[in-house]
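Structure at a glance
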Amino acid sequence: MVLVAQAAYHLDELLPLRDELGRRGIPATVAIPEPPRRPLHRLRPAVRRHRQLLRAIEGRAPVGAPTAASGLLAGAGAFVVMNDWGAATSSLVSAARAGGIPTIGWVEGVQDFADIDTGRSRRAYRTVDHVMTLGSYDAGQLAGVPTTVVGSGRLRRLWDAEPAAGDDVVAVNCNFTYRVLEEHRRAWLRSVRSAGADAGVALQVSQHAADRALLDPRTRTSEPVGALLQRASVFVSRFSTVCYEALVRGVPLAYHNPHGEQVPTFRDPQGAFDLTAGVADLGEVLRRERPDGRAVRAAAGAFLEHHLRLDGPPPELVAGDVVADLRVEA
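To start, this report covers the structure provided alongside it. Worth saying up front: this structure is predicted, and the values here are computed from it rather than measured.

1. A short note on the sheet that holds strand E10 (residues 232–237)
Taken together, the 6 strands give an open sheet; going across it, the order is E9-E8-E7-E10-E11-E12, and neighbouring strands pair in parallel fashion. The two strands at the open ends of the sheet, each matched to only one other strand, are strand E9 (220–221) and strand E12 (274–276). Where strand E8 (residues 203–207) meets E9, 2 bridges bridge the pair, whose relative direction is parallel. Looking at E9, one finds that Ser206 is bridged to Thr221. Strands in contact with helix H7 (residues 185–199) are strand E7 (169–174), E8, E10 and strand E11 (253–256); relative to E7, the strand with the most contacts, it is inclined by about 175 degrees. Along the sheet face, helix H10 (residues 279–287) touches E7, E10, E11 and E12 and points at about 145 degrees away from the line of E12.

The structure is reproduced here in structure tokens:
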């Protein structure tokens, strides 16, 4: 089996799946596509993500010599990708399907499945043969596509751990990336800073690896977002998988949308988090006393149950069943 990783957090799903397949006597390899050489190569977001991924895999899996795509395809029983529209993975998926190799997508996080806000037509998770989703919400967005609700091992492990108990900083997620609504970044950050100043709270801004902005070094932090969430009084974000992560950790979430995102994933909070659209309502959220992490999780229960599979067998076991059932014998 070939399991394709394109970001460091993909390893949290694919390495346990590799181990689970190994226990079943099914050999599996994690493949890391190399970004193509282009002008200003070192500054490109894909290259930064690739370096982060290589650092993340050190000590967790051996790294072999580069292999041509044709070598990966030869004798493969199935391809598992975390997305099927990227430049590297889309060509691999097409080649695998042309060769009769089953292709399986594992939803990597929150998605604008209908490309309402992306301005493009990615057809996310619609070119693979089968999709493993995070929860029933994703499955409903992929009507007509063969799906299995699997969940996320990374988020499941956070849910099973003790909730975060920090209370000393407002964590802000700057993730205007891949040319999606990037023109709103400056105004979005300005509104968050104004709300923080009005509330008299300290802000720490975590920047996505692919976000290209030059941020104020006085508030930008290089601390991993997971560590930042552990000590956060509230998490302020736009559309991001880290919104799920905050809730499963028990961190209050303010979904800040002054720029009018249309993607529906977070449109109905079901009591799980606050929706804010301006400086005044965000400031009000930031002035509140931080609730207990268990209370945050309890309030988010209905929303999370719809969006994430957080009970039953571990995700890697369910994913292993899907891959074992769909694979072809070499």
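2. Side note on helix H4 (residues 87–98)
The end-to-end C-alpha separation of H4 is 17 Å, in line with the 16 Å expected for 12 residues at 1.5 Å each. Of the positions making up H4, those classed as buried are Thr89, Leu92, Val93 and Ala96. All buried residues of H4 project into a common sector of 100 degrees when viewed along the axis, lining one side. Exposed residues pointing more than 90 degrees away from the buried face of H4 are listed as Ala87 and Ala98. Buried positions along H4 lie against strand E1 (2–4), helix H3 (69–73), strand E3 (79–81) and strand E4 (103–106). Note on H4: the residue one or two positions beyond its end, Gly100, has a positive phi of about 75 degrees.

3. Section: the pattern of salt bridges
Applying the stated criterion to the full structure yields 15 salt bridges. Residue Glu245 pairs with Arg154 through a salt bridge whose shortest N-O separation is 2.8 Å. On the criterion of sequence distance, the pair formed by Glu245 in helix H9 (residues 242–249) and Arg154 in helix H6 (residues 153–160) is long-range, its members being 91 residues apart. Taking the relative accessible area as the measure of exposure, Arg154 reaches 16% and is therefore buried. A salt bridge links Arg288 to Asp274; its shortest N-O distance comes to 2.8 Å. Highlighted residues: Arg288 in the loop between H10 and helix H11 (293–299) and Asp274 in strand E12, separated in sequence by 14 residues. Since its relative accessible area comes to 46%, Arg288 is described here as partly exposed. Exposure remark for Asp274: the relative accessible area of 24% places this residue in the partly exposed category.

4. Quick notes on the pairing of strand E5 (residues 130–133)
Going residue by residue along E5, you find His130 and Met132 tucked away on one face and Val131 and Thr133 tucked away on the opposite face as well. One ladder, built from 3 bridges, connects E4 with E5; its direction is parallel. The residue bridging Ile104 from the neighbouring strand is His130, located in E5. Where E5 lies against strand E6 (residues 147–149), 3 bridges are found, and the strand directions are parallel. Looking at E6, one finds that Val131 is bridged to Thr147. Of the crossover connections in this fold, the one passing from E5 over helix H5 (residues 136–141) to the parallel E6 is right-handed.

5. What about the packing of helix H1 (residues 11–23) against helix H13 (residues 315–326)?
Where H1 meets H13, the closest approach of the two axes is 9 Å, and the angle between their N-to-C directions is 60 degrees. When the axes of H1 and H13 are compared, the pair comes out oblique. The interaxial crossing formed by H1 with H13 has right-handed handedness. Listed contacts from H13 to Pro16, Leu17, Glu20 and Leu21 of H1 are Glu316, Leu317, Ala319, Gly320 and Val323. For the contact of H1 with H13, the residue count by class is 6 nonpolar, 1 polar and 2 charged.

Definitions and cut-offs
- Residues numbered from 1 in each chain as written.
- Predicted model: local features only at pLDDT ≥ 70, side-chain atom pairs only at ≥ 80, totals over all residues.
- Heavy atoms only, no water.
- Pairing = 2+ DSSP bridges.
- Helix = DSSP H or I, 4+ residues; strand = E, 2+ residues; numbered from the N terminus.
- Contact = heavy atoms within 4.5 Å.
- Axes fitted to C-alpha atoms, helices over the stretch in contact; angles between N-to-C directions.
- Expected span 1.5 Å × (residues − 1).
- Buried < 20%, exposed > 50% of the residue type's maximum accessible area, 1.4 Å probe, protein only.
- Arc of directions from axis to C-beta.
- Salt bridge = Lys/Arg side-chain N within 4 Å of Asp/Glu carboxyl O.
- Right-handed = clockwise from strand over helix to strand, strands pointing away.
- Parallel < 35°, antiparallel > 145°, perpendicular 65-115°, else oblique.
- Left-handed = near helix turned anticlockwise from the far one by under 90°.
- Nonpolar A, V, L, I, M, F, W, Y, C, P; charged D, E, K, R; others polar.

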